[in-house]
Amino acid sequence: MKGREYVMTRKVYMDNAATTYTSPEVLEEMLPYFSESFGNPSSIYSFSERNKKALSKARQQVANALNADPDEIFFTSGGTESDNWALKGIAFSHNGKGNHIITTRIEHHAILHSADFLEKNGFDVTYIGVDDKGRIDLSELERSIKDKTILVSVMFANNEVGTIQPIREIGSLCRERGVVFHTDAVQAMGHVPIDVREMNIDLLSLSAHKFHGPKGVGALFIRKGLRIENLMHGGGQEKGRRASTENVPGIVGLGKALEISCSKLPEEHLRLSSIRDRLINGIKDAVPHVKLNGADGAERLPNNINFSFIGVEGETLLFDLDGAGISASTGSACSSGSLEPSHVLMSLGMDHAMAHGSLRLSMGESTSEEDVDYVLEVLPEIVRKRREMSPLWEDYLKKLEEVK
Amino acid sequence: MYSEKVMDHFRNPRNVGEIENADGIGEVGNPKCGDIMKVYIKVNDDVIEDIKFKTFGCASAIASSSMATEMVKGKKVRDAWELTNRAVAEALDGLPPVKMHCSLLAEGAIHSAINDYRNRNGLEPWEEDKVHKAVMEEHAH
């Protein structure tokens, strides 16, 4: 396959679902809190006053973004900690009422592995399946709620295929049945409007580095009055609910980043949705026999694209794209070091070969129309070349012939 | 993550394609594991005169396929049979530990093509060694 070597003239970052850059405005806001105003917010001297104020400003910014009260925002080290806290904290504070937890098969590992841990510690967990677009079945959820159910945890939007769940409906169902409702909104925050009151959300996880804030900082929204056990034990920070000296620069960055992304949300939602659909249609037009994984239109995150290319393995695509300056991601096993492909794609009912051939492109504020043009120029040729040398593609074409 | 040699053989794989009227064809792997390799050999006077392959798999599977075919081309059939996945991995300046099984794919596909050739010529197929057999059974087509 001696082919044209792509000249690396262009760098296109299409892995914003993995992480985003910290935006310069956010970084600038954070900088004074490293070397200049470094005081411990727990100290009583006036030197720490500025830091206390910075924390409450950030808390207000996060509260504004969610339509919550600042007292309901607790800063953490990121999405993983928030998810761990929500599940374990509710499990161990509500075990007097019951030991049953409901979640889905397509959650992030922060939820699934926390659920595993709880199962090993006497809790029962029901995993709800999804349809081929990645949507849960509300009636199945309703049937799964028992007297002993203490928590329902359903992600707001999926990290791999971008499917958005009917959060409002799940929230009102849980409220009606008196069950605590947690949502992992790590991928959705800053991309789709979220209102914890209107949606009846009791707990919500978010992470700063997914919306141009820094890494290592996140938050858990905990509805006022909700009992929850602590995860981190130690000092009395965060009103005695989350020990550890506050990551002041990080928290400042989180607040600022969320404020910015929420202020841009309506226009960015429109812009990214239109770019997304152009790229989806462009790939469908240029590459035969592809499958879009996940839902369409408003049921899909505006920045997510996930395709399976029959006959091509995902890691191969990533390296070829990388050679052309494009950063992307795959659900193929080979990229993760395990033999099993992504649990999300398999839960959508996909066969192994299709799951191994998946490619995720996730866009962000820096993604331009020119980036889309470039991907459309490069990707179809890469797929064509790799298919040419794929015995799986050869078999697929033969089967198509036989059907005819 | 990969050596320069792996990336070179991945980006510019040698011996890609099919051989019409091949003397032996072998295929191993399955879509479940995410890798499949198909090998065609042309044998003349007990020498592998030409070899071509097609591989579905990750970068290390493609690079191993390319390197392995380079290494057996022009060799006596028995010498080609003796090629080990370790030798292929070494020739590629190493593979990450989790990817070592990818180099087995190439060894297995070449073995399967050689035995196909032997069968066609009324010769007894050669036996795989035990370890290799166990791994290839996991990857059975």
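As shown above, the structure is provided for reference.
None of the values given here were measured: they were computed from a predicted structure. (Residues numbered from 1 in each chain as written. Chains lettered and ligands numbered in written order. Predicted model: local features only at pLDDT ≥ 70, side-chain atom pairs only at ≥ 80, totals over all residues. Heavy atoms only, no water.)

Moving on: the pattern of salt bridges. Residue and element names in this part refer to chain A. Applying the stated criterion across every chain, the model contains 35 salt bridges over all chains. Put simply, E299 and R135 hold a salt bridge, and the shortest N to O gap is 2.9 Å. Taken together, the residues E299 in the loop between β9 (290-292) and β10 (304-309) and R135 in the loop between β4 (124-128) and α6 (138-144) connect sequence positions 164 residues apart. A relative accessible area of 33% places E299 in the partly exposed class. Overall, R135 belongs to the partly exposed group, its relative accessible area being 24%. (Salt bridge = Lys/Arg side-chain N within 4 Å of Asp/Glu carboxyl O. Helix = DSSP H or I, 4+ residues; strand = E, 2+ residues; numbered from the N terminus. Buried < 20%, exposed > 50% of the residue type's maximum accessible area, 1.4 Å probe, protein only.)

Here we take up the sheet that holds strand β2 (residues 35-44) of chain B. Residues and elements named next belong to chain B. Taken together, the 3 strands give an open sheet; going across it, the order is β1-β2-β3, and neighbouring strands pair in antiparallel fashion. Sheet topology places β1 (24-30) and β3 (47-56) at the edges, where each strand pairs with a single neighbour. Direction aside, neighbouring strands of the sheet carry axes that sit 15° apart on average. Sheet topology note: the β2/β3 ladder contains 9 bridges and is antiparallel. Looking at the pairing, M37 lines up with T55 of β3. Where helix α5 (residues 100-120) meets the sheet, it contacts β1, β2 and β3, and its direction lies at approximately 145° from that of β1. (Pairing = 2+ DSSP bridges. Axes fitted to C-alpha atoms, helices over the stretch in contact; angles between N-to-C directions. Contact = heavy atoms within 4.5 Å.)

It is worth spelling out the packing of helix α9 (residues 248-286) of chain A against helix α14 (residues 369-388) of chain A at this point. Residues and elements named next belong to chain A. For the pair α9 and α14, interaxial distance at closest approach is 10 Å and the crossing angle is 20°. It follows from the interaxial angle that α9 and α14 lie roughly parallel. Both α9 and α14 take part in a crossing whose hand is right-handed. Residues S274, I275, R278, L279, G282, I283 and A286 of α9 touch α14, and the partners they reach there are E369, V372, D373, V375, L376, L379 and P380. The class makeup of the residues in the contact of α9 with α14 is 9 nonpolar, 2 polar and 3 charged. (Parallel < 35°, antiparallel > 145°, perpendicular 65-115°, else oblique. Left-handed = near helix turned anticlockwise from the far one by under 90°. Nonpolar A, V, L, I, M, F, W, Y, C, P; charged D, E, K, R; others polar.)

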